[in-house]
Amino acid sequence: MISVEEALPLVLQHTLVLQTEVAPLLQSVGRVLAQDVTADRDFPPFDRVTMDGIALRSETFASGTRSFPIEQIQPAGAPQTILQQAKNCIEVMTGAMLPKETDAVVRYEDCTLQDGVAVVEIDQILPGQNIHRQGSDKKAGEVLLAAGVKITPAIVGTLASVGLAKVKVYQLPRIAICSTGDELVEIGQTPLPHQIRRSNAYMLAAALLQESIKPTLFHLPDEPAQMLQILGSLLAEHEVLILSGAVSKGKFDYLPQVLEELGLKPLFHKVAQKPGKPMLFGTFPGPKVVFGLPGNPISTFVCFHFFFRPWLHASLGLKAEERTAQLTQCITFKPALTYHVPVKLQVEQGTLKATPIPSTGSGDLTSILEADGLLSLPAKKGVFLPGESFPLILLS
Ligand SMILES: Nc1nc2c(c(=O)[nH]1)N[C@H]1C(S)=C(S)[C@@H](COP(=O)(O)OP(=O)(O)OC[C@H]3O[C@@H](n4cnc5c(N)ncnc54)[C@H](O)[C@@H]3O)O[C@H]1N2
Ligand code: MOO
Ligand SMILES: [Mg+2]
C-alpha cells in the first residue's frame, strides 16, 4: 500500500498528451484554450462616449461659456462627426465616437436643452470626462489571453470581441465509465430487495459533464470472461477507463485480475487513505489509463476528485488548484491513512473555514449532498484541532 503523497505524483506522471481541435465559439465553453489571443484592434477601438449628453470643448467652458448651440446628434454606430465651431456642442449617445474637436462630455442630467441650445448647469468640466479613451484598456496586438485557461463566459465575450467565431481548444480524451456488480440495476428499474441502482455511474458521468466531457456508460457483470471481453473492446475505443467497484478483496472483485490479463501495467493498488483504500491505477500501451475506483459511493466520489480531476487538469495543461481551509471542529482519526472529509465551507473574517459533515461511512451517499469541499487530513497525525489548516479540494 502506498501513501497518497506517493500515489498522486504517480498518477500525474501518466497524463495524456492531447491534440488540439477547432471548436465553434459557443461550443468552446468549459474547454481549454489552445491558442494565445491578441487584440485585433485597440480596446476600445475609438474614443468612446460613456454617457448620453453633449460633447463640447472644455476650454470654451473654462473661458466662461455656459450656453452651447447644438450643431447635430452623434449616435452610436455612426461615423465620427466634427464640431464646426468651438462655441457649439454636439449631442452624443453612449457608445458613440467622440466628435472631432471636442474633449469632454456633459451628461443630460447636468444640462438643460431648449430651442437647440444646451445650458450647462455644473461648475466644473474636466478634459476627458465621460470619455473612454481609445486603447486605454488594451492596445492592438497585445496578448489578451494565453493558452491553457478554461473558457468561461467572460473569455467567450473577449473571443467574440476579437472576431473569433471558432477557437482552438485541446481535444478531450474519450472516456468510458463502467459500473460493476450483479447487485446493480438501471436507474429506471425498481430494484428487488437485494438490488440497488447503479448511481455511481451517473454521479461520475455528471462530474465529467462538469468538465465538458461526454462519457459513455457501460456495465460489467461479476463474471470474469464477460468482463474480459467488454473491457477489451472498451480499451480499443477509449483512452481512459473509469471503473467503479470490484477492486477490493471480495470473492467477486475480479477487476484487478482481469485488467492484468488484458495487459495492465499496475502503478498502484491500495492507497493509504479513507475512503478509497482499495483504489487501483494503471496504464495500457497507447497510452491509455485506468482508474479503478472503489465501489462505495463516497470512495468513488473522493477518488474521482482527488486523483482523476488533477490528472485530467494536468493533461489539459491547467494549473493545479492549491487551497487550504481551517477546521472548525476537532477530529480524531488514528489509522495511518489520509482521511478525506466532506466539509461545508464558510468564510469568517476573511478565512475559509471547513466544518465536517456527519456521515455513517463511505456508503452514505447522502452525506455529500451538502458538501462544498473535501478536506484531506494527513496520515501522519491522529488528532486534528480547530484552527488547523489542511489541503482542500473544492467541489463544483
Ligand atoms: N475484507 C475487506 N473488505 C473490504 C475492504 C477491505 O479492505 N477488506 N475494503 C472496503 C472498502 S474500503 C471499500 S471502498 C469497498 C470497495 O469495494 P469494491 O471496490 O470491491 O466495490 P464493490 O464490492 O463492487 O462494491 C462496494 C459497495 O459499493 C456499492 N456499489 C458498487 N458500485 C456501485 C454503483 N455503480 N452505484 C451504487 N453503488 C455501488 C456496492 O453495491 C457495494 O455496497 O470494499 C470494502 N470491503
Ligand atoms: O474506500 Mo472504503 O470507502 O474506505 O469503504
Ligand atoms: Mg468488493
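Bear in mind the structure is a predicted one, so any value in this text is a computation, not a measurement.

### A word on the overall build of the protein
For step 1, the next point in the chain: Scanning the protein from N- to C-terminus turns up seven helices and 28 strands.
For step 2, the next point in the chain: Taking 21 Å as the expected radius of gyration for a compact globule of 396 residues, we find that the protein reaches 31 Å, considerably beyond that expectation.
For step 3, the next point in the chain: Summarising its shape, the C-alpha atoms of the protein cover approximately 95 × 50 × 40 Å along the three principal directions.
For step 4, the next point in the chain: Of the roughly 19,200 Å² of accessible surface on the protein, 54% is carried by carbon and sulfur atoms.
For step 5, the next point in the chain: Separation of charge centres in the protein, based on 33 positive and 38 negative side chains, amounts to 6 Å.

### What to know about the sheet that holds strand β20 (residues 280-284)
For step 1, the next point in the chain: A sheet is described by the order of its strands in space; here six strands give the open sequence β16-β13-β17-β21-β20-β18, paired in mixed fashion. At either margin of the open sheet sits one strand with a lone partner, and together these are β16 (216-220) and β18 (265-269). Strand-to-strand twist in this sheet, taken as the mean axis angle between neighbours without regard to direction, amounts to 20°.
For step 2, the next point in the chain: Sheet topology note: the β20/strand β21 (residues 288-293) ladder contains five bridges and is antiparallel.

### So, helix α7 (residues 297-315)
For step 1, the next point in the chain: Under the 1.5 Å per step criterion, the end-to-end length of α7 is 25 Å for 19 residues, consistent within 8% with the ideal 27 Å.
For step 2, the next point in the chain: At F304, α7 shows its maximal kink, close to 35°.
For step 3, the next point in the chain: Of all the 19 residues making up α7, 17 are buried; the element is thus mostly covered by neighbouring parts of the structure.
For step 4, the next point in the chain: Looking one or two places after α7, you find G317, whose phi comes out positive at around 75°.

### Concerning the site of ligand 1
For step 1, the next point in the chain: Taken together, 20 residues lie near ligand 1, and E183, N200, S248, D253 and G295 sit nearest.
For step 2, the next point in the chain: Between ligand 1 and the protein, one listed contact pairs an oxygen atom with a side-chain N or O atom of E183 at 2.6 Å.
For step 3, the next point in the chain: In this structure, S199 approaches ligand 1 through a main-chain N or O atom, which is 3.2 Å from a nitrogen atom.
For step 4, the next point in the chain: Where the shell around ligand 1 is concerned, the elements lending two or more residues are β15 (196-197) and α4 (199-209).
For step 5, the next point in the chain: Take the shell around ligand 1: its biggest share by element is three residues, from α4.

### Some points on the packing of aromatic side chains
For step 1, the next point in the chain: Enumeration according to the criterion identifies eleven aromatic pairs in this entry.
For step 2, the next point in the chain: Measuring from centroid to centroid gives 5.9 Å for F268 and F307, while their planes differ by 50°, and the two rings are tilted. In this pair, F268 sits in strand β18 while F307 sits in helix α7, placing the two residues 39 residues apart along the sequence. Grouping residues by exposure puts F268 and F307 together as buried.
For step 3, the next point in the chain: An aromatic cluster is defined as three or more aromatic residues linked by ring pairs; in this entry it consists of F268, F281, F291, F304, F306, F307, F308 and W311.
For step 4, the next point in the chain: One residue, R66, lies across the ring of F61, its end atom 3.7 Å from the ring centre.

### Considering the coordination of the magnesium ion (ligand 3)
For step 1, the next point in the chain: Around the magnesium ion (ligand 3), the donor atoms from the protein are D253 (OD) and D253 (OD), and they sit 2.3 to 2.5 Å away.
For step 2, the next point in the chain: Residue position: D253 is located in the loop between β17 (240-244) and α6 (255-261).

### Focus on the domain arrangement of the protein
For step 1, the next point in the chain: For the protein, the assigned domains are domain 1 (4-18 + 172-316), domain 2 (21-43 + 136-170), domain 3 (48-132) and domain 4 (323-394).
For step 2, the next point in the chain: Centre-to-centre separation of domain 2 and domain 3, based on C-alpha positions: 35 Å.

### Concerning the site of ligand 2
For step 1, the next point in the chain: The local shell around ligand 2 consists of K274, P275, G276, K277, P278, N296, S299 and S362.
For step 2, the next point in the chain: The residue makeup of the shell around ligand 2, split by class, is two nonpolar, four polar and two charged.

Reading the values: the criteria
Residues numbered from 1 in each chain as written. Chains lettered and ligands numbered in written order. Predicted model: local features only at pLDDT ≥ 70, side-chain atom pairs only at ≥ 80, totals over all residues. Heavy atoms only, no water. Helix = DSSP H or I, 4+ residues; strand = E, 2+ residues; numbered from the N terminus. Rg over C-alpha atoms; globule rule 2.2 N^0.38 Å. Areas by Shrake-Rupley, 256 points an atom, 1.4 Å probe, with all protein chains shown as cover. Lys, Arg positive; Asp, Glu negative; His and termini not counted. Charge placed at Lys NZ, Arg CZ, Asp CG, Glu CD. Pairing = 2+ DSSP bridges. Axes fitted to C-alpha atoms, helices over the stretch in contact; angles between N-to-C directions. Expected span 1.5 Å × (residues − 1). Bend = angle between axes of the 7 residues up to and from the residue. Buried < 20%, exposed > 50% of the residue type's maximum accessible area, 1.4 Å probe, protein only. Near = heavy atom within 4 Å. Polar contact = N/O pair within 3.5 Å; in protein donor to acceptor, adjacent residues only side chain to side chain. Phe/Tyr/Trp six-rings, centres within 6.5 Å; stacked < 30°, edge-to-face > 60°. Lys NZ or Arg CZ within 6 Å of the ring centre and 35° of its normal. Donors = N, O, S within 2.8 Å, 3.2 Å for Na, K, Ca; no water. Domains from an automatic or database assignment. Nonpolar A, V, L, I, M, F, W, Y, C, P; charged D, E, K, R; others polar.

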